[in-house]
Amino acid sequence: EAVRLVVEHTSPLGSEEVDLSDALGRRAFQDVRATRNLPACRTSVMDGYAVSSRNPGDYKIAERVLAGHVSSHPLSSPDLCAYVTTGAPVPEGATAVVKVEDTRPAKKEGYVTINASAKPGEFIRPIGSDIKAGALLLAKNELIGPTEIALLAFN
């Protein structure tokens, strides 16, 4: 009876826009959807070499791509590779990443010997594999905690 009386004699509060630093403990006024994909590009899930060929052999290292940096050399030839760190963007043309444990320095300077075959897509995280653009990040009235603040910051 008490709950019914309270609901009948109160009205919902309006919305208020606040900085993320003040959002902890509040509730979402409306559904919030992702405005972009995460990751936004294909990324490596291992330290290793991005390749466009699946065969073992010696490959010329076209570039080194670190997490947070952008690849500037597409793998336009099957004898090229790129050293990539975990989380780094995979160069255009790469079909797989061979983990560094399956490689060794080649005798020729600027080359690496890849000792294992690579399967298409191996050790590559596809675009949007964590969050797809348009996915629901927060539902209306959802309590905003630290995880939700991180999602909102991404958005």
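Refer to the structure presented above.
Quantities reported herein were computed from a predicted structural model and do not represent experimental measurements. (Residues numbered from 1 in each chain as written. Predicted model: local features only at pLDDT ≥ 70, side-chain atom pairs only at ≥ 80, totals over all residues. Heavy atoms only, no water.)

Engineer: Quick question: what am I supposed to make of the sheet that holds strand E3 (residues 48-51) here?
Structural biologist: An order of E6-E3-E5-E4-E8-E7 is seen for the 6 strands of this open sheet, with the pairing classed as mixed. Where the open sheet ends on each side, the last strands, each with one partner, are strand E6 (96-99) and strand E7 (103-105). Mean inter-strand twist for the sheet, computed between neighbouring axes without regard to direction, equals 40°. Relative to strand E8 (residues 111-114), strand E4 (residues 57-65) is paired through 4 bridges, and the arrangement is antiparallel. Counterpart to Tyr 59 in the pairing with E8 is Val 112. (Pairing = 2+ DSSP bridges. Helix = DSSP H or I, 4+ residues; strand = E, 2+ residues; numbered from the N terminus. Axes fitted to C-alpha atoms, helices over the stretch in contact; angles between N-to-C directions.)

Engineer: In this structure, what is going on with the packing of aromatic side chains? I would like to understand it.
Structural biologist: Centre-to-centre distance and the angle between the planes together describe a pair of aromatic rings. As enumerated under the stated definition, the model contains 1 aromatic pair in all. Ring geometry for Tyr 49 and Tyr 83: centres 5.4 Å apart, planes at 65°, overall edge-to-face. Taken together, the residues span a long stretch of sequence, with Tyr 49 in strand E3 and Tyr 83 in strand E5 (residues 80-84) at a distance of 34 residues. The exposure classification of Tyr 49 matches that of Tyr 83, with both residues buried. (Phe/Tyr/Trp six-rings, centres within 6.5 Å; stacked < 30°, edge-to-face > 60°. Buried < 20%, exposed > 50% of the residue type's maximum accessible area, 1.4 Å probe, protein only.)

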